Amino acid sequence: MGYVSAVPPPRNDAAAPEPDPVSGSEAEATESPAGRAGRRSVAVALLCGALGATVVLLASGRVWARGSAAVGDGSLPLAADGRAVTGLPAALAIVGLAALVAVFAVRGKGRLLVSGLLALSGLGAALAAVAGADDREALDAEAARTTADTAAQVMGLSHTAWPYVTASGAVLILLAGLLALRFGRAWPAMGGRYERDGSPRTRKPVAVDPDRPEDLWKALDRGEDPTRRPDGA
């Protein structure tokens, strides 16, 4: 004799048709102009900030000035890189990188302050690089150290274009800061999707069909009273 189950077989109800997902072109069409501008500004700011800091750090390590010092009957060639002339651009580039990351870690007034720091670091690095473009103190100090003569001065002083390359990278950092000041309020924050506002979350009761024993068991597993009506009766 075959096995007869007292549990009625589950009903195979027709599933309600799900709406088709919105295609990428339709999503872009429904997105507001402010949202599109904010999304583009994030990408441009990240690119400008990262590229600008990289240019500043690399260009400040190149030779900015050349010359020679008189030694006996001859001369000794001398060279000074950007960090010997001024270490400010490289230091401010590192500050700018840290501020660029911190922009996405804070919100409100904190984001405004960090964005201002990002812009100021770029501006300071650019001004320092331009100010050191015609500097001779670094090579004079190198000539005095090399010849052991405190009054020695460099001869045949010449400068390269690397200070201006450094300044151009600093301008990119400044641009990233200005974009953060203008559009930063609409930018996303790190971990924002996982934060809770502290308000209690209500749990909607699941409708239970008393004619389906499997629904009754699932309700009991969830800790619900399957005999209780959704309206609380």
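Scroll up for the structure.
Residues numbered from 1 in each chain as written. Predicted model: local features only at pLDDT ≥ 70, side-chain atom pairs only at ≥ 80, totals over all residues. Heavy atoms only, no water.

Chemist: An account of the overall build of the protein chain is requested, with residue identities and associated values reported.
Modeler: Each helix and strand in the protein chain was counted, giving 8 helices and 3 strands. Counting helices and strands in the order they occur from the N terminus, the protein chain gives α-α-β-β-α-α-α-α-β-α-α. Looking at the protein chain as a whole, 30% of its 233 residues qualify as buried. For the protein chain, long-range pairs separated by at least 24 residues make up 68% of all intrachain contacts whose partners lie at least 6 apart in sequence. For the protein chain, the exposed area adds up to about 15,500 Å²; of that, 61% sits on carbon and sulfur atoms. (Helix = DSSP H or I, 4+ residues; strand = E, 2+ residues; numbered from the N terminus. Buried < 20%, exposed > 50% of the residue type's maximum accessible area, 1.4 Å probe, protein only. Contact = heavy atoms within 4.5 Å. Areas by Shrake-Rupley, 256 points an atom, 1.4 Å probe, with all protein chains shown as cover.)

Chemist: Tell me about the sheet that holds strand 3 (residues 155–159), and please be specific about residues and values.
Modeler: The 3 strands are arranged 2-1-3 in an open sheet whose pairing can be described as antiparallel. The open sheet has two free edges, formed respectively by strand 2 (74–81) and strand 3, since each of these has just one partner strand. Neighbour-to-neighbour, the strand axes of the sheet open up by a mean angle of 15 degrees, direction not taken into account. Taken together, the 3 bridges between strand 1 (residues 63–71) and strand 3 define a ladder with antiparallel strand orientation. Across the sheet, the residue bridging to Arg 66 is Ser 158, located in strand 3. (Pairing = 2+ DSSP bridges. Axes fitted to C-alpha atoms, helices over the stretch in contact; angles between N-to-C directions.)

Chemist: Residue-level account of the side chain of Ser 121, with values.
Modeler: By the secondary structure assignment, Ser 121 is in helix 5 (residues 109–131). With a relative accessible area of 3%, Ser 121 lands in the buried category. Aside from chain neighbours lying at most four places away, what touches Ser 121 is Leu 92, Val 95, Gly 96 and Ile 173.

Chemist: Explain the pattern of salt bridges to me, using residue names and the numbers behind them.
Modeler: Under the defined criterion, the tally for this structure stands at 2 salt bridges. Arg 136 is paired through a salt bridge with Asp 140; the nearest N and O atoms lie 3.2 Å apart. Here Arg 145 makes a salt bridge to Glu 142, at a shortest N to O gap of 2.5 Å. With Arg 145 and Glu 142 both in helix 6 (residues 137–147) and 3 residues apart, the pair spans about one turn of that helix. Relative accessible area serves as the criterion here: at 59%, Arg 145 is assigned to the exposed category. (Salt bridge = Lys/Arg side-chain N within 4 Å of Asp/Glu carboxyl O.)

Chemist: Tell me about the nonpolar core, and name the residues and values.
Modeler: If you look at the biggest cluster of nonpolar residues, it comprises 21 residues, and the most contacted ones within it are Leu 118, Ile 173 and Trp 187. When residues of this core are traced back to their parent elements, those giving at least two are helix 2 (33–59), helix 4 (88–102), helix 5 and helix 7 (162–183). Apart from residues no more than four positions distant in its own chain, Leu 118 is found in contact with Gly 96, Ala 99, Leu 100, Ile 173, Ala 176 and Gly 177. Grouped together as the second largest cluster of nonpolar side chains are 12 residues, Ala 65, Ala 80, Val 85 and Ala 129 included. (Core = buried A, V, L, I, M, F, W, Y, C linked by side-chain atoms within 4.5 Å.)

Chemist: Which residues make up helix 7, and what values do they have?
Modeler: Taking 1.5 Å of rise per residue, 22 residues should cover 32 Å, and helix 7 covers 32 Å from first to last C-alpha, within 8% of that figure. Every buried residue of helix 7 is listed here: Pro 163, Thr 166, Ala 167, Gly 169, Ala 170, Ile 173, Ala 176, Gly 177, Leu 179 and Ala 180. (Expected span 1.5 Å × (residues − 1).)

Chemist: Describe in detail the packing of aromatic side chains, supporting the description with residues and values.
Modeler: By the definition in use, this model includes 1 aromatic pair. Ring centres of Phe 104 and Trp 187 lie 5.5 Å apart, and the angle between their planes is 10 degrees; on these two criteria the pair is classed as stacked. In this pair, Phe 104 sits in the loop between helix 4 and helix 5 while Trp 187 sits in the loop between helix 7 and helix 8 (213–221), placing the two residues 83 residues apart along the sequence. One exposure class covers both Phe 104 and Trp 187, and it is buried. One Lys or Arg, Arg 182, reaches over the ring of Phe 183 and ends 4.6 Å from the middle of that ring. (Phe/Tyr/Trp six-rings, centres within 6.5 Å; stacked < 30°, edge-to-face > 60°. Lys NZ or Arg CZ within 6 Å of the ring centre and 35° of its normal.)

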